[in-house]
Amino acid sequence: MPRRALTGNEAMAEAMRQINPDVVAAYPITPATEIVQIFASFVSDGLVTTQFIPTESEHSAISACVGASAAGARVMTGTSSQGLALMHEVLYQAAGLRAPIVICEVNRSLSAPINIHCDHSDTMGSKEAGWIQIYAEDSQDAYDSVIQAIRIAETVFLPTMVSTDGFIISHCMQGVEILEDKQVQDFIGPHRSAYSLFGGAPITVGPLDLQDYYFEHRRQLMEAMNTSLTTLDAVNKEFKQKFGRGYDIIEEYKTEDADHIVMAMGSTCGTAKVAIDKMRAKGVKVGLIKLHVFRPFPHEQLKKALSKAKFVTVLDRSDTASSMGGPIFVETRAALYDQMPKILFADYIYGLGGRDIDIEEIATVIEKGEKMKLQGKVEKPLDYIGLRE
Amino acid sequence: MPNLKELSKNAGLFTGGHRACAGCGGTVVINQALCTAGKNTVVCFATGCMEVVTTIYPYTAWGLPYAHLGFENSAAIVSGVEATYKALKQKGQVKEDWNFIAFGGDGGTYDIGLQALSGAIERGHKFLYICYDNQAYMNTGIQRSSATPTGANTTTSPAGTKIQGKVQRRKNLTEIIAAHDTPYVAQANPAYWMDFTKKVEKALKTDGPSFINVLAPCPLGWGFSPNKTIEIGKLAAECKFWPMYEVENGKYTLTYKPKKEMKVEEWMKLQKRFSHLFKEGNKELLTNIQKDVDTKWETLLKKCE
Ligand SMILES: Cc1ncc(C[n+]2csc(CCOP(=O)(O)OP(=O)(O)O)c2C)c(N)n1
Ligand code: SF4
Ligand SMILES: [Mg+2]
């Protein structure tokens, strides 16, 4: 398997080239711009047969994607932050119409104040839109997950976004093992969609759906979300079996004997693993759960994985504005309600607007957690890392 | 141009039984356009009266492929559909030739969807955009749009004791679209079906984007009796409020010359939305409205020379 030094954006663009979608409609935004640029050069150099639509906004980009998907195309786009926020309305339309679009998303904070660096506020703002959400830890993960996402989306007919941490992954070089074009094509197979405007019989897509049917149609969407976890798992297993690597819905790192679990998403997981090794060297029985999939929320997997935990330290790279903490914390606590109060939880919001988080900082909150675990009491369920107050 | 008999063969593409008000001009616009376009046409629609009344699930008035997403994105959806057509044709997965028509009301076109339309035209997709201009947001209860004429009473430009309906002038959307160097642009009117049919035919033959702005008299929003739709349309052309013309690769042609001199207020008098303007003290407003119509007409005639 050829190994190339690629940034996250290059890795995602390379996956797009190999997927060779029928239609890509996109609009540039830092830090996802490169994905669109690189793909445009693939089009200009004849390396793909894609119809590329350089739209005048993200709202139109995603609208064109839904139109293309309804017409029977395999469709992809890329965006970030304000771009995803501008798409917000149409994200729901895509999910409701069961359009299996794949977005290569790069996580960036939301304005105001304007900031171009990483946090998870953008994708967390659309966690209720009916899209599957996959958070990659590094470029390899991003590359592999984008390829898997096509299969997943086109099996359950749900749109899917794969995101990387802005700049931290999107702009950092890493060795990435690239599959052969044919391997990718064989893995994704021919495009599948639930319906097509060119499918023969004339169909009406997006009708007005009132009190007597809307609820059932939304229920079908919820059911598709529920069952998609099985598909996510199956597609990953097949990928692993074929190519020797993969990403479980939740990845457990040194959790076997751990009674203290750290939870995180994205690039921070790499940093957290080093912090955990450090603490383990001091005899602390701590492990990591990397959430690879946030939507649907893997609550059953988490219940199992946290069944032996006494203390959970959650690292959230966004806030919910609920005054209860970040989204990972809020949702994990809800999932674990039956096990509580046996498990104590502490949430740390960190890294907003791209502020760095380092090994020491994570080690410090693990130590704090150890203390609280011994005391059997959480002093501050919500705190911040690396913040001047 | 197809004759009436030929056109009537396509009558089932947009069926009756939908829930538009009696005498709705918008449905006449759609029907005439589709009779000309024929069955190998994909329709993309913006949210608004016509979308709402034709697709209440599980019913549909559409006998051809139709897609609706939102209020402001019908030109963006059609971009994706047209691009897919090219992609699938190249792969041999679609064999026949297809037309693409995006529809939007004045709200969905002059206002909230203007950016998407401008972008789609600039990108050169091969599609026809038809704006059915009923001059307000009818679906949400007759609010003003930038297509609402000066003086009209709407629920967000109500005629009150101090302000006499909409204060501002109409946006000249047809000229804005012509300024995109759009290969084919026209203004039409369902009261002149032959003229409209010819325009739809020309538009669909254009190798690139085309745009037709069609007046769509609305009995409910304008305040006239449902049996007067076509008459109101005709008089809008006669009084020069709604000139019928086309712009082919930059060349302007007037396609209908009014037969008699008629003041715009003769047309306005027939509609309740203007009734307050005929009260004591509003004479100057009427004079200004007439002046505006005259100026625009003169400007257009010069372009058509
Ligand atoms: C983003 C958004 N804003 C507002 C609305 C509410 N809305 C639906 S239709 C409509 C007005 C439609 O006006 P127009 O395009 O002129 O069509 P008409 O109903 O007059 O035929 C409005 C304001 C919406 N559906 N979506
Ligand atoms: S309100 Fe006007 S545009 Fe809407 S259906 Fe009735 S007549 Fe037609
Ligand atoms: Mg309107």
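Everything quoted here is computed from the prediction, not taken from an experiment.

1. A word on the overall build of chain A
Each helix and strand counted, chain A has 12 helices and 16 strands in total. Here the C-alpha atoms of chain A give a radius of gyration of 21 Å, agreeing with the 21 Å that 2.2 N^0.38 yields for 389 residues. Dimensions of chain A, computed from the C-alpha atoms along their principal axes, are close to 65 × 55 × 45 Å. Per-residue burial over chain A gives 59% buried out of 389 residues. Entry remark: accessible area of chain A is about 15,000 Å², with carbon and sulfur atoms responsible for 54%. For chain A, the distance from the average site of its 38 positive side-chain charges to the average site of its 50 negative ones is 6 Å.

2. Considering the sheet that holds strand β8 (residues 251-254) of chain B
The pairing of strands in a sheet comes from backbone hydrogen bonds and takes either a parallel or an antiparallel form. Taken in spatial order, the 9 strands line up as β9(A)-β2(B)-β1(B)-β3(B)-β4(B)-β6(B)-β5(B)-β7(B)-β8(B) in an open sheet, and their pairing is mixed. Single-partner strands in this sheet number two, and they are β9 (204-205) of chain A together with β8 of chain B. Where β9(A) meets strand β2 (residues 66-68) of chain B, 2 bridges bridge the pair, whose relative direction is parallel. What sits directly across from A:T204, in β2(B), is B:Y66. Lying over the sheet, helix α12 (residues 283-304) of chain B contacts β7 (245-248) and β8 of chain B, oriented at roughly 120 degrees with respect to β8(B).

3. What to know about the site of ligand 1
Around ligand 1, the surrounding shell holds 18 residues, and the nearest of these are B:G107, B:G108, B:Y132, B:A136 and B:M138. What surrounds ligand 1 is not a single chain but chains A and B. One of the backbone nitrogen or oxygen atoms of B:M138 is found 2.8 Å away from an oxygen atom of ligand 1. For ligand 1, whose unbound accessible area comes to 580 Å², protein coverage reaches 78%. At 3 residues, the largest contribution of residues to the shell around ligand 1 is made by helix α5 (residues 106-111) of chain B. Residue composition of the shell around ligand 1, grouped by class: 7 nonpolar, 8 polar and 3 charged.

4. Focus: helix α6 (residues 139-156) of chain A
Residues and elements named next belong to chain A. The end-to-end C-alpha separation of α6 is 25 Å, in line with the 26 Å expected for 18 residues at 1.5 Å each. In the structure, α6 departs most strongly from a straight axis at Q148, where the bend amounts to approximately 25 degrees. α6 sits mainly inside the fold: 17 of its 18 residues count as buried. In this structure D138 caps α6, since a side-chain oxygen of it lies 3.3 Å from the backbone nitrogen of Q140. Phi turns positive, to about 55 degrees, at F157, one or two residues after α6.

5. Details of the site of ligand 2
Taken together, the residues surrounding ligand 2 are B:A20, B:C21, B:C24, B:C49, B:M50, B:N134, B:M138, B:C218, B:P219 and B:L220. Where the shell around ligand 2 is concerned, the elements lending two or more residues are α3 (49-54) and α9 (219-223) of chain B.

6. Some thoughts on the pattern of salt bridges
Residue and element names in this part refer to chain A. As enumerated under the stated definition, the model contains 42 salt bridges over all chains in all. In this structure, E154 engages R74 in a salt bridge whose closest nitrogen and oxygen atoms are separated by 2.7 Å. On the criterion of sequence distance, the pair formed by E154 in helix α6 and R74 in the loop between α3 (58-70) and β4 (75-80) is long-range, its members being 80 residues apart. Each member of the pair E154 and R74 is classed as buried.

7. Brief notes about the sheet that holds strand β5 (residues 102-107) of chain A
Strands sit in the order β3-β2-β4-β5-β7-β6-β13 (chain A) across an open sheet of 7 strands; the sheet is mixed. What marks the edges here is a single partner per strand, and that holds for β3 (51-54) and β13 (293-295) of chain A. Along the sheet, successive strands turn relative to each other by an average axial angle of 20 degrees, direction set aside. Relative to strand β7 (residues 160-165) of chain A, β5(A) runs parallel, the two sharing 6 bridges. Following the sheet pairing, A:N107 is matched in β7(A) by A:D165. The sheet strands contacting helix α2 (residues 33-44) of chain A are β2 (23-26), β3, β4 and β5 of chain A, and the helix crosses β3(A) at an angle near 135 degrees. Sheet contacts for helix α4 (residues 74-90) of chain B: β2 and β3 of chain A; angle to β3(A), the most-contacted strand, approximately 160 degrees.

8. Focus: the interface of chain A and chain B
In this complex, chain A contributes 36 residues to the contact, which on the side of chain B involves 40 residues. Taken together, both faces of the contact between chain A and chain B bury some 3,000 Å²; the carbon and sulfur share is 63%. On the surface where chain A and chain B come into contact, there are 2 salt bridges. As a salt-bridge pair, B:R123 and A:E56 come within 2.9 Å of each other at their nearest N and O atoms. Elements supplying a minimum of two residues to the side of chain A that touches chain B: β3, α3, α4 (81-96) and β9 of chain A. With 7 residues, the top contributor of residues to the side of chain A that touches chain B is α3(A).

9. Concerning the domain arrangement of chain A
Residues and elements named next belong to chain A. With domains assigned, chain A is organised as domain 1 (3-243) and domain 2 (250-384). On a C-alpha basis, the centroid separation for the pair domain 1 and domain 2 is 28 Å. Tallying the contact residues gives 26 residues for domain 1 and 26 residues for domain 2. Taken together, domain 1 and domain 2 are joined by 4 salt bridges. Between K290 and E137 there is a salt bridge, and its shortest N-O distance comes to 2.9 Å. Inspection of the region where domain 1 meets domain 2 yields 16 residue pairs in polar contact (both at pLDDT 80 or more). The residue makeup of the side of domain 1 that touches domain 2, split by class, is 12 nonpolar, 8 polar and 6 charged.

10. A closer look at the coordination of the magnesium ion (ligand 3)
Residues and elements named next belong to chain B. Taken together, the protein donors to the magnesium ion (ligand 3) comprise D106 (OD), N134 (OD1) and A136 (O), at separations of 1.9 to 2.1 Å. For the magnesium ion (ligand 3), the donor residues sit on a single chain with the sequence spacing D-x27-N-x1-A. Accessibility classification places N134 together with A136 in one group, the buried group.

11. Topic: unusual backbone geometry
Backbone torsion omega between A:S111 and A:A112 reads -5 degrees, so that peptide bond is classified as cis. Its place among the elements puts A:A112 in the loop between β5 and α5 (121-124). Residues B:Y57 and B:P58 are joined by a peptide bond in cis, for which omega reads 5 degrees. By the element assignment, B:P58 lies in the loop between α3 and β2. For A:N20, which is not a glycine, the phi torsion comes out positive at approximately 50 degrees. For A:N20, the location among the structural elements is in the loop between α1 (8-19) and β2. In this model, B:D181 sits at a positive phi of 60 degrees, which is unusual for a non-glycine residue. Mapped onto the elements of the fold, B:D181 is located in the loop between α7 (173-178) and β5 (184-188).

12. Here's the deal with the nonpolar core
Buried together is how nonpolar side chains tend to be arranged in soluble globular proteins. Of all hydrophobic cores here, the largest spans 167 residues; its most connected members are A:W131, A:I147, A:F198, A:M263 and B:W267. The dominant element in this core, judged by the number of residues it contributes, is α6(A), at 9 residues. Listed in part, the 32 residues of the second largest apolar core include B:L34, B:F45, B:Y132 and B:L204.

The rules we used
Residues numbered from 1 in each chain as written. Chains lettered and ligands numbered in written order. Predicted model: local features only at pLDDT ≥ 70, side-chain atom pairs only at ≥ 80, totals over all residues. Heavy atoms only, no water. Helix = DSSP H or I, 4+ residues; strand = E, 2+ residues; numbered from the N terminus. Rg over C-alpha atoms; globule rule 2.2 N^0.38 Å. Buried < 20%, exposed > 50% of the residue type's maximum accessible area, 1.4 Å probe, protein only. Areas by Shrake-Rupley, 256 points an atom, 1.4 Å probe, with all protein chains shown as cover. Lys, Arg positive; Asp, Glu negative; His and termini not counted. Charge placed at Lys NZ, Arg CZ, Asp CG, Glu CD. Pairing = 2+ DSSP bridges. Contact = heavy atoms within 4.5 Å. Axes fitted to C-alpha atoms, helices over the stretch in contact; angles between N-to-C directions. Near = heavy atom within 4 Å. Polar contact = N/O pair within 3.5 Å; in protein donor to acceptor, adjacent residues only side chain to side chain. Nonpolar A, V, L, I, M, F, W, Y, C, P; charged D, E, K, R; others polar. Expected span 1.5 Å × (residues − 1). Bend = angle between axes of the 7 residues up to and from the residue. Salt bridge = Lys/Arg side-chain N within 4 Å of Asp/Glu carboxyl O. Buried area = accessible area lost by both parts, 1.4 Å probe. Domains from an automatic or database assignment. Donors = N, O, S within 2.8 Å, 3.2 Å for Na, K, Ca; no water. Core = buried A, V, L, I, M, F, W, Y, C linked by side-chain atoms within 4.5 Å.

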